Amino acid sequence: MNDVPDRIPTPCPSCSPDLETVHEVLTEGGGALTVRCSECSHVHKVQPDPEREVTLDVVVSQEGESFTANVTAPEDETVEVGDEFILETDEVLSTVRVTSVELDGHRRVEEADADDVETVWTREVDNVAVNVTVHPQDGSRDDSRSITVYVPGDYEFEVGSIEEFGDDEFEIDAFVVRQDASGYDRDRYDMEGDTGIAKDLKRVYAYDEQTSAWSAW
């Protein structure tokens with residue numbers, strides 16, 4: 001819903017029918033604004049200019065699969081990598097994050113006005129899959145293994161904390177942040193107490209809490 005400004009420029013039928021003057025917005029209702037002229041205090045109604053919208057093609061990545069949907073947006077609204085919005089279709093209702101903005105000619109940019117955008121590439125962030133590389137306690141990287149954990153997008157991981165998912169228990173050693181994440185000042189975090197939320201993380205590195213190495217069988 002658009003915010004109604006406190007003042008708008010519009011012609012006054014009483015003192016300036018051919019020129020715009022500043023008007024104070026008194027009320028909104030029935031699709032019209034009741035305004036008062038700052039020059040002569042005449043009160044009258046005006047119809048606000050309708051905001052032009054454009055339809056955007058949105059590609060949503062969701063757990064290794066993707067689908068296409070459409071959304072509408074004001075034509076002068078900026079679409080930017082990292083933006084999040086709620087996508088509602090007949091099939092899905094979820095929060096998605098913009099991962100890439102595509103213009104005409106398959107050009108990829110960080111941001112653009114909605115009117116210039118051909119396709120918005122996104123990923124679902126309500127629930128996410130986080131890749132975790134687990135090292136044995138002895139630090140042998142040759143015996144490292146990769147697992148995937150499924151958590152809510154706002155689930156917090158902290159360096160130094162111990163996590164347990166099913167049969168896996170590990171201590172977080174570091175994590176790497178995705179390019180579309182905001183609010184971080186570097187890509188990799190490995191100091192005890194560093195935190196990141198699941199939807200922002202590209203990979204987590206950890207040490208196994210159960211054994212120093214894995215059996216071959």
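Before any of the text, the structure's been laid out above.
Below is a short write-up of the structure.

With that out of the way, let us pick up the overall build of the chain. Summing up its helical and strand segments, the chain has zero helices and 20 strands in all. Scaling as 2.2 N^0.38, a compact globule of 217 residues should have a C-alpha radius of gyration of about 17 Å, whereas the chain reaches 26 Å, well beyond that. Principal-axis analysis of the C-alpha atoms places the extent of the chain at approximately 90 × 35 × 30 Å. Across the 217 residues that make up the chain, the buried fraction comes to 37%. Expressed as a percentage of contacts within the chain between residues at least 6 apart in sequence, the contacts between residues at least 24 apart total 47%. Accessible surface computed for the chain: about 13,400 Å², of which carbon and sulfur atoms make up 41%. Between the averaged position of the 16 positive side-chain charges in the chain and that of its 54 negative side-chain charges there is a distance of 3 Å.

On to the environment of Asp-116. Note that Asp-116 resides in the loop between strand S11 (111-113) and strand S12 (117-124). Counting along the chain gives 60 residues from Asp-116 to Leu-56, while the straight-line C-alpha distance between them is 9.8 Å. For Asp-116, the contacting residues outside a window of four places in its chain are Leu-103 and Asp-104.

Turning our eyes to something else, we now look at the sheet that holds strand S2 (residues 16-29). Strand order in the open sheet formed by four strands is S1-S2-S3-S4, with antiparallel pairing between adjacent strands. Of all strands in the sheet, those bounded by a partner on one side alone are strand S1 (7-12) and strand S4 (43-46). Across the sheet, the axes of successive neighbouring strands diverge by a mean angle of 45°, strand direction being ignored. Pairing of S1 with S2 involves six bridges; the strand directions are antiparallel.

Before going further, it helps to examine the pairing of strand S20 (residues 201-208). The pairing of strand S13 (residues 127-135) with S20 spans four bridges and is parallel. When the sheet's bridge partners are listed, Val-134 is paired in S20 with Ala-206. Where strand S17 (residues 168-177) meets S20, seven bridges bridge the pair, whose relative direction is antiparallel. If you follow Phe-175 over to S20, its bridge partner there is Val-204.

Glancing now at a negative patch on the surface. Together, Glu-51, Glu-53, Asp-76, Glu-77, Glu-80, Glu-110, Glu-111, Asp-113, Asp-115 and Asp-116 line one region of the surface with negative charge. As for its placement among the helices and strands, Glu-110 is situated in the loop between strand S10 (107-109) and S11.

Under the definition given, this model contains five aromatic pairs. Their ring planes at 20° and their centres at 6.1 Å tell us that Phe-165 and Phe-170 sit as a pair that is stacked. Judged by its relative accessible area of 1%, Phe-170 is buried. With centroids separated by 5.8 Å and ring planes inclined at 70°, the aromatic side chains of Tyr-184 and Tyr-189 adopt a geometry described as edge-to-face. Classification of Tyr-189 as buried rests on a relative accessible area of 8%.

What follows covers unusual backbone geometry. Within the chain, Ser-41 stands out as a residue other than glycine whose phi angle is a positive 65°. Backbone geometry places His-106, a non-glycine residue, at a positive phi of 60°. On the secondary structure map, His-106 appears in the loop between strand S9 (93-103) and S10. According to the relative accessible area criterion, His-106 is exposed, its value standing at 66%.

As a further point, take the nonpolar core. By size, the foremost hydrophobic cluster in this structure holds 20 residues, and its most contacted members are Val-130, Val-132, Phe-157 and Phe-170. Mapped by element, the contributors of at least two residues to this core are S13, strand S14 (145-152), S17 and S20.

About the cut-offs
Residues numbered from 1 in each chain as written. Predicted model: local features only at pLDDT ≥ 70, side-chain atom pairs only at ≥ 80, totals over all residues. Heavy atoms only, no water. Helix = DSSP H or I, 4+ residues; strand = E, 2+ residues; numbered from the N terminus. Rg over C-alpha atoms; globule rule 2.2 N^0.38 Å. Buried < 20%, exposed > 50% of the residue type's maximum accessible area, 1.4 Å probe, protein only. Contact = heavy atoms within 4.5 Å. Areas by Shrake-Rupley, 256 points an atom, 1.4 Å probe, with all protein chains shown as cover. Lys, Arg positive; Asp, Glu negative; His and termini not counted. Charge placed at Lys NZ, Arg CZ, Asp CG, Glu CD. Pairing = 2+ DSSP bridges. Axes fitted to C-alpha atoms, helices over the stretch in contact; angles between N-to-C directions. Patch = residues over 30% accessible without salt bridge, like charges linked within 9 Å, V, L, I, M, F, W, Y side chains within 5 Å. Salt bridge = Lys/Arg side-chain N within 4 Å of Asp/Glu carboxyl O. Phe/Tyr/Trp six-rings, centres within 6.5 Å; stacked < 30°, edge-to-face > 60°. Core = buried A, V, L, I, M, F, W, Y, C linked by side-chain atoms within 4.5 Å.

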